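Residue-level listing of the chains:
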Amino acid sequence: MEDVTKFLNPERLDEYMSTGIAMGTKVLIALVIFIIGSWIAKKVKNGIMKLAQKSPQLDETLFNFLGSIARWVIMAFVFIAILGQFGVETTSIVALLGAAGLAVGLALQGAMSNLAAGVMLMIFRPYKIGDFVDAGGHFGNVEDITLFTTDMQTFDNQKIIIPNGKIWGEKIINHSHHPVRGVEMKFNIAYDDDIEKARQVILKTLAAHPHIVSDPAPFVEVETLTERSAEILARPFTNGEHYFDVRYTVPQQILTALGKAGMTTPYPATRVVMEK
């Protein structure tokens, strides 16, 4: 009974009420901070994601990732502010998070370099899905681009997954960037044959091919004079989707046409002269 009386003491009641009001105020302020912080984090994330929708050249995956990063960074500060409302020392928490972030960054140094390279690839877009590229020491068709890797399919139907760090740090050749491409091929014409006639045969063969365009016109000229022959450089132009068809069918057609025109194929030979 004495304990009950002591508990119901007006001074005690005032103390409990003050403590309850103070705690309730802190909870209310923390709730307001959480609601406002969540709203701001969501708005920032949506704003970043909308940047990718304004231009088809911007990669949506990258901006989704950046939006999520920005949201979680804001929410981290929100939770630190909430803890501060309840008297928790936040300085040590911030230092701990910084040390943890540094440790994780050092442990994932290779992954972070690939991530940074992936971000650069998605911003500058040196190639896109469906392009034929020579990158990271491999040539093939780009199937997928992620923040860490690029997936390619080779002509022998192999799937190659290349870390973006290896691609961004080296030369990138995008064979699909321009809609019209030149296809370079060379032919050797013996000095005993009519070189101008050989040029005309090559030009006629190129003009008859359905996938070779007339504008720009094919380039066919003597490039080099070797010991046994004149080397003719032929460079017809075609749409990108027909590049490999032209590259691997036209040389045989030109060799056949040159043979029908009476042109001989020069080959290494040794001439021996014997004297008595």
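Nothing here was measured: the structure is a model prediction, and the numbers come from that model.

Turning to the side chain of Arg-199, a few remarks are in order. Mapped onto the secondary structure, Arg-199 falls in helix α7 (residues 195-208). Judged by relative accessible area, which is 13%, Arg-199 ranks as buried.

The subject of this paragraph is the pattern of salt bridges. Taken as a whole and assessed by the stated rule, the structure comprises six salt bridges. Residue Asp-151 pairs with Lys-159 through a salt bridge whose shortest N-O separation is 3.9 Å. Its relative accessible area of 56% is what places Lys-159 among the exposed residues. Members of the salt-bridge network, linked through shared partners, are Glu-196, Arg-199 and Glu-221.

With that out of the way, let us pick up the packing of aromatic side chains. For the coordinates displayed, the defined rule picks out ten aromatic pairs. On the numbers, 4.8 Å between centres and 65° between planes, the contact of Phe-155 with Phe-244 is edge-to-face. Here the residue Phe-155 occupies a position in the loop between β3 (149-153) and β4 (159-163), and Phe-244 occupies one in helix α8 (residues 243-260), the gap between them amounting to 89 residues. A connected cluster of aromatic rings, assembled from ring pairs, spans Phe-132, Phe-139, Phe-155, Tyr-243, Phe-244 and Tyr-248. Lying across the ring of Tyr-243, Arg-181 places its NZ or CZ 3.7 Å from the centre. Here Arg-247 stacks its cationic end above the ring of Tyr-248, 5.6 Å away from the centre of that ring.

Calculation criteria
- Residues numbered from 1 in each chain as written.
- Predicted model: local features only at pLDDT ≥ 70, side-chain atom pairs only at ≥ 80, totals over all residues.
- Heavy atoms only, no water.
- Helix = DSSP H or I, 4+ residues; strand = E, 2+ residues; numbered from the N terminus.
- Buried < 20%, exposed > 50% of the residue type's maximum accessible area, 1.4 Å probe, protein only.
- Salt bridge = Lys/Arg side-chain N within 4 Å of Asp/Glu carboxyl O.
- Phe/Tyr/Trp six-rings, centres within 6.5 Å; stacked < 30°, edge-to-face > 60°.
- Lys NZ or Arg CZ within 6 Å of the ring centre and 35° of its normal.

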